[in-house]
Number of protein chains: 2
Amino acid sequence: MSTKEKYAIGVDLGGTNIKVGIVSEAGEIVEKASVPTLAEDGPEIVISQIKKGIGKVIPDKNFDIKGIGIGSPGVISIEKGIVENPPNLPGWGKVMLGDILEKEFNVKVVVENDANAAAIGELVFGAGKNFDSFIMITLGTGVGGGIILNKKIYRGDFGAAGEIGHITIDYKGNRCNCGNYGCIETYIGNNYLIKWVSEELANTSYDSKIMELVDNDLDRLTPKIISDAADLKDEYAHSVISKMGLYLGAALASVSNILDVSTYVIGGGVSGLGEPLIKAIENGIKDRVLKSLSSRVKVVPAMLRNDAGVKGASSLVFYNY
Amino acid sequence: MSTKEKYAIGVDLGGTNIKVGIVSEAGEIVEKASVPTLAEDGPEIVISQIKKGIGKVIPDKNFDIKGIGIGSPGVISIEKGIVENPPNLPGWGKVMLGDILEKEFNVKVVVENDANAAAIGELVFGAGKNFDSFIMITLGTGVGGGIILNKKIYRGDFGAAGEIGHITIDYKGNRCNCGNYGCIETYIGNNYLIKWVSEELANTSYDSKIMELVDNDLDRLTPKIISDAADLKDEYAHSVISKMGLYLGAALASVSNILDVSTYVIGGGVSGLGEPLIKAIENGIKDRVLKSLSSRVKVVPAMLRNDAGVKGASSLVFYNY
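Computed from a predicted structure; not experimentally measured.

**Observations regarding helix α9 (residues 274–288) of chain B**
Residues and elements named next belong to chain B.
Here comes step 1: For α9, which comprises 15 residues, the first-to-last C-alpha distance of 22 Å matches the rise-based estimate of 21 Å (1.5 Å per residue) to within 8%.
Here comes step 2: Along α9, the positions that sit buried rather than exposed are Leu277, Ile278, Ala280, Ile281, Glu282, Gly284, Ile285 and Arg288.
Here comes step 3: In the core, the buried residues of α9 are packed alongside β9 (134–139), α8 (235–259), β12 (263–267) and β13 (298–301).

Structure (structure tokens):
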């Protein structure tokens, strides 16, 4: 093990699991661990789980650890490392996560919103390397966003910028958890997507390969299965993907018309729908965005995949963003 | 006349008229003139009209003129002073407006998009003075926008940012001139607004004071008349204003959720609807924006009014934005 290479610990604080890794400055994961978040037990227990996860990867003293980077849900004051009201971590209110971990491990700790951390990860190690400005979209249970402008994260007045999931595409649309109506998340967030496709397949006579792939049990439906059906040239699966492109196209055309940024990096579980979804999103944006922007629109898949959270979090330590 | 005060010439290049003024660094207009644009006659004639307008205000040699600022429609390359495809100026393509006027008048010339110039005018002289970041919205035939972040204009990758009018609020909505569907402009742009209200009043039995104010001739309807009816406590006029607030609220909640900017300055002709419209927009945004932002939302009227274009353009010369 070279003693000259620098390392950081990346922590991906999720609602279910906390993933921790030792990552080299070049983006290679050399150790990793996962512990349950135990979110329901409140902040003290979650924090002790974070310490436990970090403890699992640091016994090896050969690594020159420069700091700990944490991607956390919620609105983050990065200067102070304060996490505020993370949606899937009950009872948190305001937690001084940075201070707590700095005292415990005696290294620099950087806390950032998880979608922003993913965007920085793609910027430093992944699909965003060659772009000055791009928007990172994570498609999962929620639809997250991180805005990179001139190789820096754009955080807004209070660190809450980039909430791409809560762009309205129909002001008369369904109510969203956030209180707004017709947010893009209520069309293509994982649960909404599965509900929409299940209902259509249950109530209409589409002849779709999806039914075989779930053994006629729609409770087994996942985005991956829609993707598998699309690979088998299933017409209905393709129609679902192009509708997703239409919905996302409407939301992201608004984003491009506001920001004049035309590159999108698509990640997250639902992005497992792969190349057809990437193409559908690109077409959806091009169809709607202002003509002067249209030819510049470029949509690419994220590169970090499963390790996006840990790698992105570790990059916070090295990258001056 | 103090010889110490500095002055700039502001040029507001509109589709119908070119307004020109000599403006002090403190924002006082000391000379002004207006000439017809003659847009239909093409770029050469329009440029000679601009020169003519400027010629009308500069004979007085007592003013120390530091430069010429121009607010123009279209996408602008500010470094080079190039105007590209201004929507209401046929035949322009790309015009090197900055170079042409620098050669003619031998002073610094700054060309900027008209909505951005209005935003900078409000930042320097008007309602934006006390804010670091705000979004300027101009309500008129079109719905324009200028984004101020940390006291600088945000122009995007190619100077096309801030196209607030082309945010979709219903992806299945009416086709917009831009090619997209359900843009906010197709709900509250001047002509759409007048059409909507005229049709409702013609086809339904609303008992509205608007009918008296237009002498039963709906061809006379203007935003000002809707405003006058609202002042007379006309229920229908108020319902129109709150609907405008609902539509704009949906569009601007998306903007705030993306940018985490919560202050809006509202100007332009349609904003003559006054305080009730300002309140309706503020309520519309608060109803929809993410909870963490809601209490910070502030909507204020523009202060520069009729001289916004000329003052905003003049400020380009002095303000390092």
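**Quick notes on unusual backbone geometry**
All names here are of chain A.
Here comes step 1: Although it is not a glycine, Asp215 adopts a positive phi angle of roughly 55 degrees.
Here comes step 2: Tracing the sequence through the fold places Asp215 in the loop between α6 (210–213) and α7 (223–231).
Here comes step 3: Using a relative accessible area of 54% as the deciding quantity, one classes Asp215 as exposed.

**A short note on the confidence of the model for chain A**
All names here are of chain A.
Here comes step 1: Of all residues in chain A, 98% have pLDDT values of 70 or greater, and the mean over the chain is 92.
Here comes step 2: Confidence scores differ between elements of chain A, with strand β5 (residues 75–77) showing the lowest mean pLDDT of 87 and helix α8 (residues 235–259) the highest of 97.
Here comes step 3: We note a pTM of 0.91 for the whole complex and an ipTM of 0.91 for its interfaces.

**Concerning the relation of the copies chain A and chain B**
Here comes step 1: Of the transformation placing chain A onto chain B, the axial shift is 0.0 Å and the rotation is 180 degrees, giving an RMSD of 0.0 Å. The transformation relating the two chain copies, once decomposed into turn and shift, fits a two-fold axis. If distances are taken from each C-alpha of chain A to the rotation axis, the shortest is found for Asp170 of chain A, at 2.0 Å.
Here comes step 2: With an isologous cut-off of 70% or more, the 100% of interface residues of chain A that recur at the interface of chain B puts this contact in the isologous class.

**Regarding helix α11 (residues 308–318) of chain B**
All names here are of chain B.
Here comes step 1: Burial runs high along α11: ten of the eleven residues are buried.
Here comes step 2: Among the residues making up α11, those that are buried are Ala308, Gly309, Val310, Lys311, Gly312, Ala313, Ser314, Ser315, Leu316 and Val317.
Here comes step 3: Along its buried surface, α11 packs onto β1 (6–13), β2 (17–24), β3 (29–36), β4 (64–72), β8 (108–113) and α3 (114–125).

**What about the interface of chain A and chain B?**
Here comes step 1: Facing the 43 residues of chain A at the interface are 43 residues of chain B.
Here comes step 2: Here chain A packs against chain B, burying approximately 3,500 Å² in sum over the two surfaces, 53% of which is carbon and sulfur.
Here comes step 3: On the chain A side of the contact with chain B, Tyr171, Ile258 and Arg288 of chain A bury the most area, a combined 23% of that side's loss.
Here comes step 4: Run the count over chain A and chain B and you get two salt bridges.
Here comes step 5: Among the ionic pairs, Asp170 of chain A bridges to Lys172 of chain B, the shortest N-O distance being 2.9 Å.
Here comes step 6: Here chain A and chain B share 27 residue pairs in polar contact (both at pLDDT 80 or more) between them.
Here comes step 7: For the side of chain A that touches chain B, the secondary structure elements donating two or more residues are β10 (143–149), α8, α9 (274–288) and α10 (291–294) of chain A.
Here comes step 8: With eight residues, α8 of chain A is the largest single contributor of residues to the side of chain A that touches chain B.

**With respect to the sheet that holds strand β6 (residues 82–84) of chain B**
Residues and elements named next belong to chain B.
Here comes step 1: The three strands lie next to each other as β5-β6-β7, forming an open sheet whose pairing is antiparallel. In this open sheet, the two edge strands, each paired with only one partner strand, are β5 (75–77) and β7 (94–95).
Here comes step 2: Of the strand pairs in this sheet, β6 and β7 are connected by two bridges, and their pairing is antiparallel. The residue of β7 that forms the bridge with Val83 is Val95.

**A few points about the pairing of strand β8 (residues 108–113) of chain A**
All names here are of chain A.
Here comes step 1: Counted residue by residue, β8 has five buried out of six residues, so it is predominantly covered.
Here comes step 2: For strand β4 (residues 64–72) and β8, the ladder comprises six bridges, and the chain directions are parallel. Bridge pairing links Ile70 to Val111 in β8.

Rules used in this analysis
Residues numbered from 1 in each chain as written. Chains lettered and ligands numbered in written order. Predicted model: local features only at pLDDT ≥ 70, side-chain atom pairs only at ≥ 80, totals over all residues. Heavy atoms only, no water. Helix = DSSP H or I, 4+ residues; strand = E, 2+ residues; numbered from the N terminus. Expected span 1.5 Å × (residues − 1). Buried < 20%, exposed > 50% of the residue type's maximum accessible area, 1.4 Å probe, protein only. Contact = heavy atoms within 4.5 Å. pLDDT = per-residue confidence, 0-100. Least-squares fit on C-alpha atoms with pLDDT ≥ 70 in both. Buried area = accessible area lost by both parts, 1.4 Å probe. Salt bridge = Lys/Arg side-chain N within 4 Å of Asp/Glu carboxyl O. Polar contact = N/O pair within 3.5 Å; in protein donor to acceptor, adjacent residues only side chain to side chain. Pairing = 2+ DSSP bridges.

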